[in-house]
Amino acid sequence: MADAKTASALLCMKVGEFRSLVEAGHLPGPCQVGDFERWHVRDLERIATGEAVDGQGEIAW
(Lines give C-alpha, C1' and ligand atoms only; values in the text may rest on other atoms or scores of the structure.)
Protein backbone atom coordinates (compact mmCIF):
# COMPACT_ATOMS: atom_id res chain seq x y z
CA MET A 1 0.00 0.00 0.00
CA ALA A 2 1.20 3.52 -0.79
CA ASP A 3 0.09 7.00 0.18
CA ALA A 4 -0.56 9.62 -2.53
CA LYS A 5 3.00 10.95 -2.40
CA THR A 6 4.54 7.51 -2.90
CA ALA A 7 1.92 6.45 -5.46
CA SER A 8 2.55 9.56 -7.56
CA ALA A 9 6.32 9.00 -7.33
CA LEU A 10 5.88 5.44 -8.59
CA LEU A 11 4.27 6.90 -11.72
CA CYS A 12 6.83 9.74 -11.97
CA MET A 13 4.34 12.55 -11.50
CA LYS A 14 3.54 15.30 -9.06
CA VAL A 15 0.99 14.59 -6.34
CA GLY A 16 -1.44 17.16 -7.80
CA GLU A 17 -1.25 15.56 -11.24
CA PHE A 18 -1.79 12.13 -9.72
CA ARG A 19 -4.80 13.27 -7.71
CA SER A 20 -6.30 14.98 -10.79
CA LEU A 21 -6.07 11.76 -12.78
CA VAL A 22 -7.62 9.81 -9.89
CA GLU A 23 -10.49 12.32 -9.62
CA ALA A 24 -11.06 12.16 -13.39
CA GLY A 25 -11.28 8.36 -13.19
CA HIS A 26 -8.15 7.75 -15.27
CA LEU A 27 -6.34 6.10 -12.36
CA PRO A 28 -7.76 3.89 -9.63
CA GLY A 29 -9.02 5.51 -6.48
CA PRO A 30 -7.64 4.82 -3.04
CA CYS A 31 -8.72 2.30 -0.43
CA GLN A 32 -9.51 3.53 3.04
CA VAL A 33 -7.23 2.06 5.69
CA GLY A 34 -8.63 3.51 8.88
CA ASP A 35 -8.38 7.27 8.40
CA PHE A 36 -5.83 6.97 5.61
CA GLU A 37 -6.09 6.77 1.81
CA ARG A 38 -3.82 4.13 0.31
CA TRP A 39 -3.27 2.77 -3.20
CA HIS A 40 -2.34 -0.81 -4.05
CA VAL A 41 1.26 -0.78 -5.28
CA ARG A 42 0.52 -3.84 -7.45
CA ASP A 43 -2.12 -1.84 -9.40
CA LEU A 44 0.26 1.09 -9.86
CA GLU A 45 3.01 -1.24 -11.09
CA ARG A 46 0.60 -2.79 -13.63
CA ILE A 47 -0.24 0.70 -14.89
CA ALA A 48 3.44 1.74 -15.08
CA THR A 49 4.43 -1.36 -17.07
CA GLY A 50 1.45 -1.18 -19.42
CA GLU A 51 0.09 -4.50 -18.17
CA ALA A 52 -3.15 -2.80 -17.06
CA VAL A 53 -3.94 -1.42 -20.53
CA ASP A 54 -6.74 -3.28 -22.30
CA GLY A 55 -7.06 -3.86 -26.04
CA GLN A 56 -8.76 -0.47 -26.46
CA GLY A 57 -5.86 1.51 -24.95
CA GLU A 58 -7.79 2.08 -21.71
CA ILE A 59 -6.49 1.30 -18.23
CA ALA A 60 -8.35 -1.63 -16.71
CA TRP A 61 -7.71 -2.15 -13.03
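Owing to the predicted nature of the structure, the values given are computational and were not obtained by experimental measurement.

1. Notes on the overall build of the protein chain
- When its secondary structure is counted, the protein chain shows three helices and two strands.
- Along its sequence from the N terminus, the protein chain presents helices and strands in the succession α-α-β-β-α.
- Relative to its 61 residues, the protein chain shows a buried fraction of 21%.
- If you take every contact in the protein chain between residues at least 6 apart in sequence, the share linking residues at least 24 apart comes to 42%.
- Put simply, the protein chain shows about 4200 Å² of open surface, and 51% of that area lies on carbon and sulfur atoms.

2. Let's talk about the environment of R19
- Mapped onto the fold, R19 is located in helix α2 (residues 15-23).
- Residue classification places R19 among the partly exposed positions, given a relative accessible area of 34%.
- Separated by eleven residues in the primary sequence, R19 and S8 place their C-alpha atoms 8.2 Å from one another.
- In this structure R19 touches A4, E37 and W39, once residues within four positions along its chain are discounted.
- Polar contacts involving the side chain of R19 include one to the side chain of E37, which spans 3.1 Å.

What counts as what
- Residues numbered from 1 in each chain as written.
- Predicted model: local features only at pLDDT ≥ 70, side-chain atom pairs only at ≥ 80, totals over all residues.
- Heavy atoms only, no water.
- Helix = DSSP H or I, 4+ residues; strand = E, 2+ residues; numbered from the N terminus.
- Buried < 20%, exposed > 50% of the residue type's maximum accessible area, 1.4 Å probe, protein only.
- Contact = heavy atoms within 4.5 Å.
- Areas by Shrake-Rupley, 256 points an atom, 1.4 Å probe, with all protein chains shown as cover.
- Polar contact = N/O pair within 3.5 Å; in protein donor to acceptor, adjacent residues only side chain to side chain.

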